[in-house]
Amino acid sequence: PNLAKVRVKKATTGEIKLDYELKPDAGVNLDDLRIGNMIELEISISEATNYLGGEIHLSFNPQVLRVVGIIQPGDFPQLTGTLSGVLKNEADNSTGKIDYAVVVGQPQTQTGDGKVLFATVRFMVIACGNSSEVGFDFEANENRETMFVEKHTEGVGEVITPSTPDNLIITVPFSNFN
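Conventions adopted
- Residues numbered from 1 in each chain as written.
- Predicted model: local features only at pLDDT ≥ 70, side-chain atom pairs only at ≥ 80, totals over all residues.
- Heavy atoms only, no water.
- Helix = DSSP H or I, 4+ residues; strand = E, 2+ residues; numbered from the N terminus.
- Contact = heavy atoms within 4.5 Å.
- Areas by Shrake-Rupley, 256 points an atom, 1.4 Å probe, with all protein chains shown as cover.
- Core = buried A, V, L, I, M, F, W, Y, C linked by side-chain atoms within 4.5 Å.
- Buried < 20%, exposed > 50% of the residue type's maximum accessible area, 1.4 Å probe, protein only.
- Salt bridge = Lys/Arg side-chain N within 4 Å of Asp/Glu carboxyl O.
- pLDDT = per-residue confidence, 0-100.
- Pairing = 2+ DSSP bridges.

Participant: Can you help me understand the overall build of the protein chain in this one?
Facilitator: In terms of regular secondary structure, the protein chain is built from zero helices and 15 strands. Taking all contacts inside the protein chain whose residues are at least 6 apart in sequence as the whole, residues at least 24 apart take part in 78%. Surface exposure of the protein chain reaches about 9,400 Å², of which carbon and sulfur atoms provide 48%.

Structure (structure tokens):
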């Protein structure tokens, strides 16, 4: 989308929380992953108020996992209307980097209690006898800083660094022949 410039400042209030959960395909056991198994990483968001946009950056071990397809938008934010959409949707299976960014034309507030789905990443297990750490990146010097922008009452956007869970460890201990 063609975006207008937004003035932003570092947040002094507000908090957005990110979380994630691994979900295996039917018949796949997370405690007994095998080559070829498919798993999904569901990324959820909570406590989003006057949301204008955000970006998440993740890292994974590309010798163990491969991203399949594109990152799927979740239920929040609603990507409808003028100036709303996905700005970046990239997964690099050679470096193990995922970049996903969305923006909305009008501020949105999460409704209801608890978490709502922000995005889903689908992985295929491609190696055994190893593990993959999956986690959010906050590398400002590489422009890979996970962050969100909310509209402040003065009309200026506030940059919010979300609280995030610990990294996930996905272990693939066995070959398909064990």
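From this point, the discussion proceeds with the structure in view.
Participant: In this structure, what is going on with the nonpolar core? I would like to understand it.
Facilitator: Soluble globular proteins tend to pack their nonpolar side chains together in the buried interior. Core analysis: the biggest nonpolar cluster contains 35 residues, and Ile43, Tyr51 and Phe118 have the highest contact counts within it. For this core, the elements supplying multiple residues, two or more each, are β2 (17–24), β3 (38–46), β4 (51–59), β5 (65–67), β8 (97–108), β9 (116–125), β10 (130–136) and β15 (168–172). If you tally residues by element for this core, the top one is β9, at five residues. If we skip the residues at most four places from it in the chain, isoleucine 43 touches Leu18, Asp19, Tyr20, Ile56, Leu58, Val116, Leu117, Phe118, Ala119, Val121 and Phe136.

Participant: What exactly am I supposed to notice about the pattern of salt bridges here?
Facilitator: Any two side chains of opposite charge can pair, so long as their charged atoms come close to each other. Scanning the model with the defined rule gives seven salt bridges in all. Ionic pairing is found between arginine 34 and aspartate 32, a salt bridge with its closest N-O pair at 3.0 Å. Note on arginine 34: relative accessible area 18%, which makes it buried. Overall, aspartate 32 belongs to the partly exposed group, its relative accessible area being 27%. Close ionic contact of arginine 122 with glutamate 40 constitutes a salt bridge, the shortest N to O distance being 3.2 Å. One end of the pair, arginine 122, is in strand β9; the other, glutamate 40, is in strand β3, and 82 residues separate them in sequence. A relative accessible area of 24% places arginine 122 in the partly exposed class. If you follow the salt bridges from partner to partner, you end up with Asp25, Glu40 and Arg122 in one network.

Participant: Before we go on, may I ask you to explain unusual backbone geometry in this structure?
Facilitator: The phi torsion of most residues other than glycine is negative, and most of the peptide bonds are trans. One non-glycine residue with positive phi stands out, namely glutamate 47, at about 60°. Within the fold, glutamate 47 resides in the loop between β3 and β4.

Participant: Can you help me understand the environment of leucine 168 in this one?
Facilitator: Looking at where leucine 168 falls in the secondary structure, it is placed in strand β15. Along the primary structure leucine 168 and valine 134 are separated by 34 residues, whereas in three dimensions their C-alpha atoms are 5.1 Å apart. Those residues within four positions of leucine 168 in sequence are excluded, and the remaining contacts are Tyr20, Leu22, Leu41, Ser132, Glu133 and Val134.

Participant: Where do I start with the confidence of the model for the protein chain in this structure?
Facilitator: Parts of the prediction with low pLDDT should not have their coordinates interpreted in detail. Here the protein chain averages 80 in pLDDT, and 84% of its residues register 70 or above. Mean pLDDT across the secondary structure elements of the protein chain bottoms out at strand β1 (residues 8–10), with 40, and peaks at β5, with 95. Segment residues 1–13 is flagged for pLDDT under 50; beyond a separation of four residues in sequence, or across chains, it makes 30 contacts in the model.

Participant: Any chance you could explain the environment of glycine 36 here in plain terms?
Facilitator: Here glycine 36 shows up in the loop between β2 and β3. Judged by its relative accessible area of 36%, glycine 36 falls in the partly exposed class. Filtering out sequence-adjacent residues up to four positions away, glycine 36 remains in contact with Met124 and Val125.

Participant: Help me out: how do you make sense of the pairing of strand β13 (residues 147–151) in this one?
Facilitator: Looking along a regular strand, one sees the side chains alternate between the two faces of the sheet. Extensive coverage of β13 is indicated by the burial of four of its five residues. Here four bridges tie β13 to strand β14 (residues 157–160), and the two strands are oriented antiparallel to one another. Within β14, the position partnered with valine 149 by the bridge is valine 159.

Participant: It is not clear to me how the side chain of aspartate 99 should be interpreted in this structure. Could you clarify?
Facilitator: Relative to the elements of secondary structure, aspartate 99 occurs in strand β8. Not counting the four nearest positions on each side in its chain, aspartate 99 is found in contact with Ile56, His57, Lys88, Asn89, Glu90 and Arg144.

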